[in-house]
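# Observations on chain architecture
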Amino acid sequence: ELLLKVGFEFLNNDQPFDLARKCLQRLHRQRAGHPQLEEGRLRHHLLGILVGHAAADNAHCRIAHLHPVVLKGLKEIISEGFDDVTIDVSSKGYELLGKISKNEYDIVLLDISLPDINGLEVLKEIKKMKRKLPVLVLSMYPEENYAARAIKGGAQGYLTKGSAPDELILAV
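In what follows, the accompanying structure is described. All of these numbers come straight from a predicted model, not from anything done at the bench.

What counts and what doesn't
Residues numbered from 1 in each chain as written. Predicted model: local features only at pLDDT ≥ 70, side-chain atom pairs only at ≥ 80, totals over all residues. Heavy atoms only, no water. Phe/Tyr/Trp six-rings, centres within 6.5 Å; stacked < 30°, edge-to-face > 60°. Buried < 20%, exposed > 50% of the residue type's maximum accessible area, 1.4 Å probe, protein only. Helix = DSSP H or I, 4+ residues; strand = E, 2+ residues; numbered from the N terminus. Pairing = 2+ DSSP bridges. Right-handed = clockwise from strand over helix to strand, strands pointing away. Arc of directions from axis to C-beta. Contact = heavy atoms within 4.5 Å. Polar contact = N/O pair within 3.5 Å; in protein donor to acceptor, adjacent residues only side chain to side chain. Core = buried A, V, L, I, M, F, W, Y, C linked by side-chain atoms within 4.5 Å.

Okay, the packing of aromatic side chains next. As enumerated under the stated definition, the model contains one aromatic pair in all. Consider the rings of Y141 and Y146, whose centres lie 5.0 Å apart with planes at 45°: the pair is tilted.

Here it is in structure tokens:
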């Protein structure tokens, strides 16, 4: 009942019917694992799904992170949040820079802690090569330590690794 209420709210706001139906189906699958989601969270999830459908038409994402387990988790979250996305991964900063210089990406998810070069230095180099390429910085460090530096360096956003998966989807 709550899914229908939230869904019809979006349908009544001129959302195309097929898109809204697909979004509701996806939300229903997601809610199956989280039956305790209240109405506000459902709206938040549905908005994220709508954004994902609208923004991810053959999107190409690059993720740079040191730890393979985190890389796998990030890939899974992005893949679940967007229908048609290609995800490439790097575990080192210089590898990432080489790939960015040779390929076109719609967004880069960048960890600050890379083994060969600091993520903020990588950000600076990315912005020299492709100034309009959106970069979302991910870090285990609290926002007060690095967020302002990342944004000043050209990042479009900063998330801590403790953020919820739907926050990552909305940020992307």
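Burial runs high along strand β3 (residues 107-111): five of the five residues are buried. Of the two faces of β3, the one carrying I107, L109 and D111 and the one carrying V108 and L110 are both buried. Here β3 runs beside strand β4 (residues 135-139); their pairing, made up of four bridges, is parallel. Of the residues in β4, the one forming a bridge with V108 is V135. Considered for its hand, the β-α-β crossover made up of β3, helix α6 (residues 119-129) and β4 is right-handed.

Take α6 next. For an α-helix, 3.6 residues make a turn, and residues three or four places apart therefore share a direction. Of the residues making up α6, those classed as buried are G119, L120, V122, L123, I126 and K127. Taken end-on, α6 shows its buried residues confined to a sector of 150°, consistent with a single buried face. Packed against the buried residues of α6 are α5 (93-102), β3, β4 and α7 (143-152). Sitting at the amino-terminal end of α6 is N118, which places a side-chain oxygen 2.6 Å from the backbone nitrogen of L120.

Looking at the element boundaries, K72 is found in helix α4 (residues 68-81). K72 sits 17 residues away from V89 along the chain, and the two C-alpha atoms are 9.2 Å apart.

Formed by 22 residues in total, the largest nonpolar core has its most connected members in L96, V108, L110, V122, I126 and V137. At four residues, α6 tops the list of elements feeding residues into this core. Counting residues in each nonpolar core, the second largest holds 14 residues, with I63, L71, L109 and L159 among its members.

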